[in-house]
Amino acid sequence: GAGVSQSPSNKVTEKGKDVELRCDPISGHTALYWYRQRLGQGLEFLIYFQGNSAPDKSGLPSDRFSAERTGESVSTLTIQRTQQEDSAVYLCASSLAPTPRGNTIYFGEGSWLTVV
Amino acid sequence: AQTVTQSQPEMSVQEAETVTLSCTYDTSESDYYLFWYKQPPSRQMILVIRQEAYKQQNATENRFSVNFQKAAKSFSLKISDSQLGDAAMYFCAYRSFNSGGSNYKLTFGKGTLLTVNP
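Model, not experiment: these values are computed from the prediction.

A. Spotlight on the overall build of chain B. A count of helices and strands for chain B gives zero helices and twelve strands. Along chain B, from the amino end to the carboxyl end, the secondary structure elements read β-β-β-β-β-β-β-β-β-β-β-β. For chain B, whose C-alpha radius of gyration is 14 Å, the value lies close to the compact-globule estimate of 13 Å for 118 residues. Once the C-alpha set of chain B is aligned to its principal axes, its extents read approximately 50 × 30 × 20 Å. Burial analysis of chain B (118 residues in total) assigns 47% to the buried set.

Shown next, in the form of structure tokens:
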């Protein structure tokens, strides 16, 4: 597609339920990132995928959070047993493989999760 | 660890006027990248401008320019001839230049909400 696509755009879920968020990166982009944006805050790094390398999961806040990516395509971020503090916008981004001089990172419009 | 600070939670400007958004950062690295991103109500983060720390010349993109003061660790964004479409949340971000490390991570400030008054 033309840009990074995320779904759902908005999700309201009950505390304790599991949710799955989807990201479809720009075609040809080997790198994929998930960030979380809480209300009034900047973006927090969650996880990074690059090709077939082991992902960098260092930003995942707890073991309730997990993410998968098949090859260089779609990624899903799963939050189990959601808590109210999980309410946030979850932003996905993609880029060509990072180089020391960098490649531009393109963001999607995010999935707004509300846990009630 | 690097930190990015935006001390202005909100700013406003009259249409056609100039506004400057502030950003400071803390790092022990000598080579890195700095970015300004714009986030309109659509939530999509849009890259506005990018500065490479090894370049002394300030980056410019049309009406957007930066004042990069490396010694002071300051990276402000100037928007000239402000337009209604410039209204958005603006985030300053840092990325390490580290060929062997996590040079893919962006560290963001908390953002500045810019209002443009007609």
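Once you've had a look at it, read on.
B. Focus on the environment of T5 of chain B. Residue and element names in this part refer to chain B. Mapped onto the elements, T5 comes out in strand β1 (residues 3-5). Classification of T5 as partly exposed rests on a relative accessible area of 42%. Sequence separation of T5 and S74 is 69 residues, and the distance between their C-alpha atoms is 9.6 Å. Aside from chain neighbours lying at most four places away, what touches T5 is S22, C23 and T24.

C. Structural context of the sheet that holds strand β6 (residues 65-69) of chain A. Residues and elements named next belong to chain A. The strand order across the open sheet formed by four strands is β1-β3-β7-β6, and the pairing between neighbours is antiparallel. Whereas interior strands pair on both sides, the edge strands pair on one side only; in this sheet they are β1 (5-7) and β6. Averaged over all neighbouring strand pairs, the angle between strand axes comes to 15 degrees, with direction disregarded.

D. Local environment of the layout of surface pockets. The space that makes up the largest pocket amounts to roughly 370 Å³. Looking at the largest pocket, it is lined by 16 residues, and the ones nearest its centre are Q37, L39, V89 and W112 of chain A together with Q39 of chain B. If you list the elements that add at least two residues to the lining of the largest pocket, you get β8 (88-95) of chain A together with β10 (88-96) of chain B. Its residues placed into classes, the lining of the largest pocket shows eight nonpolar, five polar and three charged.

E. Summary view of the interface of chain A and chain B. Contacts between the two partners involve 29 residues from chain A, matched on the other side by 23 residues from chain B. Summed over both sides, the interface between chain A and chain B buries roughly 2200 Å², with carbon and sulfur atoms accounting for 51% of that surface. Counting every contact that joins chain A to chain B gives one salt bridge. In this structure, the salt-bridge partner of D56 of chain A is K105 of chain B, at a minimum N-O distance of 3.7 Å. Applying the counting criterion to the chain A and chain B interface returns eight residue pairs in polar contact (both at pLDDT 80 or more). Of all elements in the fold, only β4 (31-37), β5 (43-50), β8 and β10 (111-115) of chain A reach the threshold of two or more residues within the side of chain A that touches chain B.

F. Main features of the side chain of Q51 of chain B. Residue and element names in this part refer to chain B. Along the polypeptide, Q51 turns up in strand β6 (residues 46-52). Engagement of the side chain of Q51 in a polar contact is seen with the backbone oxygen of Q57, the distance being 3.1 Å. Dropping the residues within four chain positions of it, Q51 is found in contact with Y32, Y33, L34, Q57, N58, A59, V66, F68 and F75.

G. Expanded view of the packing of aromatic side chains. Taken as a whole, this structure holds 17 aromatic pairs over all chains when the rule is applied. Summarising the aromatic geometry, the rings of F45 of chain A and Y104 of chain B are spaced 6.4 Å apart at their centres and angled 45 degrees between planes, so their arrangement reads as tilted. With one member in each of two chains, F45 of chain A in strand β5 and Y104 of chain B in the loop between β10 and β11 (106-108) form a pair that bridges those chains. By relative accessible area, which is 11% here, F45 of chain A ends up buried. Ring pairs connect the aromatic residues Y33, Y35, F45, Y48 and F107 of chain A together with Y33, F35, Y37, F91, Y104 and F108 of chain B, which therefore count as one cluster. Above the face of the Y33 of chain B ring, R95 of chain B is positioned so that its terminal group lies 5.6 Å from the ring centre.

H. Region of the structure containing the state of the cysteines. By the definition in use, this model includes two disulfides over all chains. With its sulfur 1.9 Å from that of its partner, C23 of chain A forms a disulfide with C92 of chain A. Negative torsions about the S-S bond denote left-handed disulfides, and the value of about -70 degrees found for C23 of chain A with C92 of chain A makes this one left-handed. Of this pair, C23 of chain A sits in strand β3 (residues 19-24) while C92 of chain A sits in strand β8, and the two are 69 residues apart along the sequence. Neither residue differs from the other here; C23 of chain A and C92 of chain A are each classed as buried. With a sulfur-sulfur separation of 2.0 Å, C23 of chain B is cross-linked through a disulfide to C92 of chain B. On the sign convention where negative means left-handed, the S-S torsion of about -70 degrees between C23 of chain B and C92 of chain B marks this disulfide as left-handed. Of the two residues, C23 of chain B is situated in the loop between β3 (19-21) and β4 (24-26) and C92 of chain B in strand β10; the sequence distance between them amounts to 69 residues.

The rules we used
Residues numbered from 1 in each chain as written. Chains lettered and ligands numbered in written order. Predicted model: local features only at pLDDT ≥ 70, side-chain atom pairs only at ≥ 80, totals over all residues. Heavy atoms only, no water. Helix = DSSP H or I, 4+ residues; strand = E, 2+ residues; numbered from the N terminus. Rg over C-alpha atoms; globule rule 2.2 N^0.38 Å. Buried < 20%, exposed > 50% of the residue type's maximum accessible area, 1.4 Å probe, protein only. Contact = heavy atoms within 4.5 Å. Pairing = 2+ DSSP bridges. Axes fitted to C-alpha atoms, helices over the stretch in contact; angles between N-to-C directions. 1 Å grid on protein atoms, 1.4 Å probe; cavity = no way out; pocket = protein on both sides within 12 Å on 5 of 7 lines; lining within 4 Å. Points joined across faces, edges and corners; volume = space filled by probe spheres on them. Nonpolar A, V, L, I, M, F, W, Y, C, P; charged D, E, K, R; others polar. Buried area = accessible area lost by both parts, 1.4 Å probe. Salt bridge = Lys/Arg side-chain N within 4 Å of Asp/Glu carboxyl O. Polar contact = N/O pair within 3.5 Å; in protein donor to acceptor, adjacent residues only side chain to side chain. Phe/Tyr/Trp six-rings, centres within 6.5 Å; stacked < 30°, edge-to-face > 60°. Lys NZ or Arg CZ within 6 Å of the ring centre and 35° of its normal. Disulfide = S-S within 2.5 Å.

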